[in-house]
Amino acid sequence: MRLPHPLYGLYERRLAASLPPDRMPRHVGVILDGNRRWARSIGKSTAGGHRAGADKIGELLAWSEDVGVEVVTLWMLSTDNLNRPADELADLLAIIEDVVRELAATRRWRLQAVGSLEMLPERTVQALRAAEEATRDVVGMHVNVAVGYGGRREIADAVRAYLRQASEQGLDLDEMAAQFDVEHIAAHLYTKGQPDPDLVIRTSGEQRLGGFLLWQSAHSEFYFCEAYWPDFRRVDFLRAVRAYGVRERRLGR
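Source: prediction; values computed, not measured. Sequence order sets the numbering: in each chain, residues are counted from 1 along the sequence as written. Per-residue local features are limited, in this predicted model, to residues with pLDDT of at least 70; the limit for side-chain atom pairs, both in listing and counting, is 80 or more; totals at the level of whole chains, interfaces and linings are taken over all residues. Just so you know, side-chain values use all the structure's heavy atoms and leave hydrogens and water out.

**Student:** Looking at this model, I keep getting lost on the overall build of the protein chain. Mind explaining?
**Tutor:** Strands are runs of DSSP state E lasting at least 2 residues, helices are runs of H or I lasting at least 4, and numbering of each runs from the N terminus. Helix and strand counts for the protein chain stand at nine helices and six strands. Its C-alpha atoms give the protein chain a radius of gyration of 19 Å, within 12% of the compact-globule value 18 Å for 253 residues. If you line up the protein chain on its principal axes, its C-alpha atoms span 65 × 50 × 35 Å. Exposed residues in this analysis have more than 50% of their type's maximum accessible area, buried residues have under 20%, and partly exposed residues fall in between, with area computed by a 1.4 Å probe over protein chains only. Counting over 253 residues, the protein chain shows a buried share of 51%. Considering only contacts in the protein chain between residues 6 or more positions apart, those separated by 24 or more positions represent 76%. Accessible surface area values rest on a Shrake-Rupley calculation with a 1.4 Å probe, where residue burial reflects the displayed protein chains alone. Of the roughly 12,800 Å² of accessible surface on the protein chain, 50% is carried by carbon and sulfur atoms. Taken as two groups, the 34 positive and 36 negative side-chain charges of the protein chain have centres that lie 7 Å from each other. Computation of the radius of gyration draws on C-alpha atoms alone. For the globule rule, the value is 2.2 Å times the number of residues to the power 0.38. Should any heavy atoms of two residues lie within 4.5 Å, those residues are counted as being in contact. Within this scheme the basic residues Lys and Arg register as positive and the acidic residues Asp and Glu register as negative, but His and the chain ends are omitted. To locate a charge, take atom NZ for lysine, CZ for arginine, CG for aspartate or CD for glutamate.

**Student:** Help me out: how do you make sense of the sheet that holds strand E5 (residues 199-202) in this one?
**Tutor:** Two pairing modes exist for strands in a sheet, parallel and antiparallel, and in both the strands are linked by backbone hydrogen bonds. Strand order across the open sheet formed by six strands is E3-E4-E2-E1-E5-E6, with parallel pairing between neighbours. Every interior strand has two partners, whereas the edge strands, strand E3 (110-114) and strand E6 (221-224), have only one. For this sheet, the mean inter-axis angle between neighbouring strands, taken without regard to orientation, is 20°. Across four bridges, E5 lies against E6 in parallel orientation. If you follow Leu199 over to E6, its bridge partner there is Glu221. Lines are fitted to the C-alpha atoms to define the axes, a helix being fitted only along its stretch in contact, and any angle between axes, read from their N-to-C directions, falls within 0 to 180 degrees. Strands E3 and strand E4 (142-149) of the sheet are contacted by helix H5 (residues 122-134), whose axis makes an angle of about 145° with E3. Here, any two strands with at least 2 DSSP bridges between them count as paired.

**Student:** Hey, could you run me through unusual backbone geometry in this one?
**Tutor:** Leaving glycine aside, a negative phi is the common case for residues, and trans is the common case for peptide bonds. Even without a glycine there, the phi angle at Ser204 is positive, about 85°. Mapped onto the elements, Ser204 comes out in the loop between E5 and E6. Positioned with a positive phi, Leu213 is a non-glycine residue whose angle comes to about 45°. Tracing the sequence through the fold places Leu213 in the loop between E5 and E6. What makes Leu213 buried here is its relative accessible area of 2%.

**Student:** What am I meant to see in the nonpolar core here?
**Tutor:** Here is a general trend for soluble globular proteins: nonpolar side chains tend to be buried in one another's company. Counting residues in hydrophobic clusters, the biggest one holds 55 residues, and the most contacted among them are Ile57, Leu61, Leu74, Met76, Leu77, Leu120 and Phe237. Ranked by the residues each element gives to this core, the list is headed by helix H4 (residues 86-106), at nine residues. When neighbours within four sequence positions are excluded, Leu74 is seen to be in contact with Val30, Leu32, Ile57, Leu60, Leu61, Val143, Asn144, Val145 and Ala146. Side-chain atoms within 4.5 Å are what join buried Ala, Val, Leu, Ile, Met, Phe, Trp, Tyr and Cys residues into a set we call a nonpolar core. Counting 10 residues, the second largest nonpolar core, distinct from the first, contains Ile31, Val114, Tyr149 and Val200.

**Student:** I keep staring at the pattern of salt bridges and nothing clicks. Help me out?
**Tutor:** Between side chains of opposite charge, a pair can form as their charged atoms come close. Whenever a carboxyl oxygen of Asp or Glu lies within 4 Å of a side-chain nitrogen of Lys or Arg, that contact is scored as a salt bridge. Per the counting criterion, the structure on display carries 23 salt bridges. Put simply, Arg51 and Asp55 hold a salt bridge, and the shortest N to O gap is 3.0 Å. On the criterion of helical spacing, the pair formed by Arg51 and Asp55 is a turn pair, its members being four residues apart in helix H3 (residues 46-66). For Arg51, a relative accessible area of 22% puts it in the partly exposed group. Taking the relative accessible area as the measure of exposure, Asp55 reaches 47% and is therefore partly exposed. Arg107 is the salt-bridge partner of Asp137, the closest N and O atoms lying 2.9 Å from each other. Here Asp137, found in the loop between H5 and E4, pairs with Arg107, found in the loop between H4 and E3; they are 30 residues apart in sequence, far enough to count as distant. Residue Arg107 is classed as partly exposed on the basis of its relative accessible area, which comes to 43%. Through salt bridges with shared partners, a single network forms among Asp33, Arg37, Arg202, Glu206 and Arg208.

This is how it looks when you write it as structure tokens:
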């Protein structure tokens, strides 16, 4: 629903005021979907759509900060996306490099790259690592930048890391199998040490996770928004947070 100004602003303020302060999500995951369809709908290039999507990220982080979110995970590029046409992928990676540099330059949020970085070009890896290093001492919201990320691969990487650690400790295969537990996977995820996502938002009308935070989202609440990512507004974000706040979270109980 698109409301005309100034009714939109009034509605947005009322929506913000209605959020229950004791039921805010600590960790929000966002699947930034719909850049290409947004671009096609208005006659822009694919690269133009990706750039518009990148420009929206700072706004989302500010909105999240405003309501007290502690961790945001942004899915910017999946492992499947690495199979896109070479020209499109090159443009997208360059835009991702630009946006992580821009976010790091604000010194407002602590950035962490999550994903299979070994699958990415060295230039992209350097940009991600530089952003991490530049914000390592920032005290503020933690932002996971998921690039070259796939949930199945993350779980496989976690198991592999556990096996290597156990081998270094001198355990044989039978001993590893006997002691192996779900906590061993959790301890080796890309997001280890962080709270699992309370709320996962996906834009563009698609109603699936597509492999996003497969392990961590076991008890997450999901919110699917019709807007393409470049059109995602603060009111859309607030609606998602409000929906989360009124749900009864059973957490498997």
